[in-house]
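Single-letter residue listing:
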Amino acid sequence: MIRFENVTKVYPRSSRPALSGVNLEVGRGEFVFVVGQSGSGKSTLLRLALREEQATQGSVLVAGHELGRLPHRKVPRLRREIGTVFQDFRLLPNKNVYQNVAFALQVLGRPGHVIRQVVPETLEMVGLGGKEKRLPHELSGGEQQRVAIARAFVNKPAILLADEPTGNLDPVTSLDIVRLLDRINRTGTTIVMATHDHDIVNQLRKRVVELKDGEIIRDENQGVYGASS
Amino acid sequence: MRLQFILSEIGIGLRRNLSMAISVVLVTMVSMYLLGLGLLAQRQADTFKGYWYDRVQVTIFMCTKDSGEPACDKKAVTQEQKESIRVQLEQMKPLVKNVFYESEQQAFDRFQKQFRNSPLAGNVRVGDIPQNFRVQLSDPTKYEVIVSSFEGAPGVGAVQDQKKVLDKFFTGINYITIFSFVLAALMVLCAVLLMATTIRQAAFSRRRETGIMKLVGASNFTIRFPFMMETLLAALLGAGAATALLWATANYGFNRYLNKLILDQAFIGVSDVWAIAPWMAGGVVALAIGTSWVTLWRYLRV
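Please read all numbers here as calculations on a predicted model, not as lab measurements.

Peer 1: Before we move on, could you go through the interface of chain A and chain B and cite the residues and values that matter?
Peer 2: At the junction of the two partners, chain A supplies 17 residues and chain B supplies 14 residues. Residue assignment for the side of chain A that touches chain B shows that the elements contributing at least two residues are α2 (75-79) and α3 (97-106) of chain A. Of the residues that constitute the side of chain A that touches chain B, the class distribution is seven nonpolar, four polar and six charged.

As structure tokens, this is what we get:
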């Protein structure tokens, strides 16, 4: 589903590579935690997968597309197969919960009757049934993140990338959010989640890929946050 | 569904950016009005000239039986007299480069076209304008040669030198034209810069929405189109307002005033405004689409 082959990324005006010789393969339906300190390259990894940046060397394959060779005009089509969730939620402040989620479908030209069916279903699934008319500032952090997840998932993408989705949340809410992502994973969606939340990683025991200074130093199934003894 | 979404995005965009949109309307209106004035001035010059001005230098009008010219003595020109004038003109080559004969019917038709906006047009009948020879010279400065050769000749009612009559108007018209076009060019530049700034500002204030649209995989078209349409709508409104102003100028300045005041010259009127309006609209459309395309390409990378 996602494959990095010897990928190196050097940002302009930077001497140190953000990623260096990364080899990583994530299969369909997997759930992967990407862990590491700030600056280790977690966000860069996700940005490369989303084609927001391009690799300086090596190749990135996502959902069958070779991103280095993908023409610019085909990037939107790639992004329709990838849902993204961010630390800062990125909701539209003037639209309510329903409208925020529906936006993702309207923008892609989905017909009205489809939107009216799928959006409420998705909101139920993330636990926001009954809160369709609330505006983002009327929701808690956890609820806002659920809206963001609903928006990322409403189009039923094959892959969901989460860049520190629990960074602004308390421990209990964080666990709820990751459990929600786990439920989504069980529907068949591949999930890659960048985080430096120890408890979450340790509790869920999923595959853990650890980055340090742009290199993968650990890749183990049912891993924990720190190196296993 | 997508059309409804895009239309609502355009509406929201215009409302959020209303003051900038209004400035685009106003600046487009002023620039198109000035451009229209320049175009109308040129059309006025063409209308003054009529069909023959650029083609010939001297006109030899034949006598008619109603002609008031003393040389005619109330007698229409005869076929022999016409032939002799024609032969004489032939003999004056190479100074005479070309001779065009215009019948009474042709003269009437051309008069109707040139004086289409004049209250006189309805009063003129075929025969009021005599048949004539229109003479093109190889050396336009030597028109006096023709005038002196034919003035008073049998069958000749009058010999007219076009340039003398109309030249005084053309200096004025040329100044108006240059002035209008220079101002129009400046205003068009203002319009272009204003449109670009408006789009940049709109793109910046809507960066959250466009960011999310990019993220969920909206096409370039869906993201850029509302911006282009907002600019186009504002520009078209401006062009429409300019056309209305030009109509008022033509209607109250010409159709209802000058055309009635000065009867011996042909003036433009409201119909000329309708003739230039599609060109102005086309120019505005090209300007708006071109400017917004380039601005979005630079500042709204997908």
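Alright, that's what it looks like, and here's the rest.
Peer 1: With reference to specific residues and values, describe the sheet that holds strand β2 (residues 96-102) of chain B.
Peer 2: Residues and elements named next belong to chain B. If you trace the four strands from one edge of the open sheet to the other, you get β2-β3-β1-β4, paired in antiparallel fashion. The open sheet terminates on both sides in strands that have one partner only, identified here as β2 and β4 (156-161). With strand direction ignored, the average angle separating the axes of adjacent strands in the sheet is 20°. Here helix α5 (residues 143-150) sits on the sheet in contact with β1 (58-62), β3 (132-137) and β4, set at roughly 165° to β4.

Peer 1: An account of the sheet that holds strand β6 (residues 82-86) of chain A is needed here, citing residue identities and associated values.
Peer 2: All names here are of chain A. As summarised here, the arrangement of the six strands in space is β6-β7-β8-β3-β9-β10, forming an open sheet in which the pairing is mixed. Each edge of the open sheet is held by one strand with a lone partner, namely β6 and β10 (215-220). In this sheet, neighbouring strand axes are inclined to one another by 15° on average, regardless of whether the strands run parallel or antiparallel. In this sheet, β10 lies alongside strand β9 (residues 207-212) in antiparallel orientation, the contact comprising five bridges. Within β10, the residue paired with Lys-212 across the bridge is Glu-215. Relative to the sheet, helix α6 (residues 171-186) contacts β3 (31-35), β7 (159-163) and β8 (190-195), its axis offset from that of β8 by approximately 155°.

About the cut-offs
- Residues numbered from 1 in each chain as written.
- Chains lettered and ligands numbered in written order.
- Predicted model: local features only at pLDDT ≥ 70, side-chain atom pairs only at ≥ 80, totals over all residues.
- Contact = placed C-beta atoms within 7 Å.
- Helix = DSSP H or I, 4+ residues; strand = E, 2+ residues; numbered from the N terminus.
- Nonpolar A, V, L, I, M, F, W, Y, C, P; charged D, E, K, R; others polar.
- Pairing = 2+ DSSP bridges.
- Axes fitted to C-alpha atoms, helices over the stretch in contact; angles between N-to-C directions.

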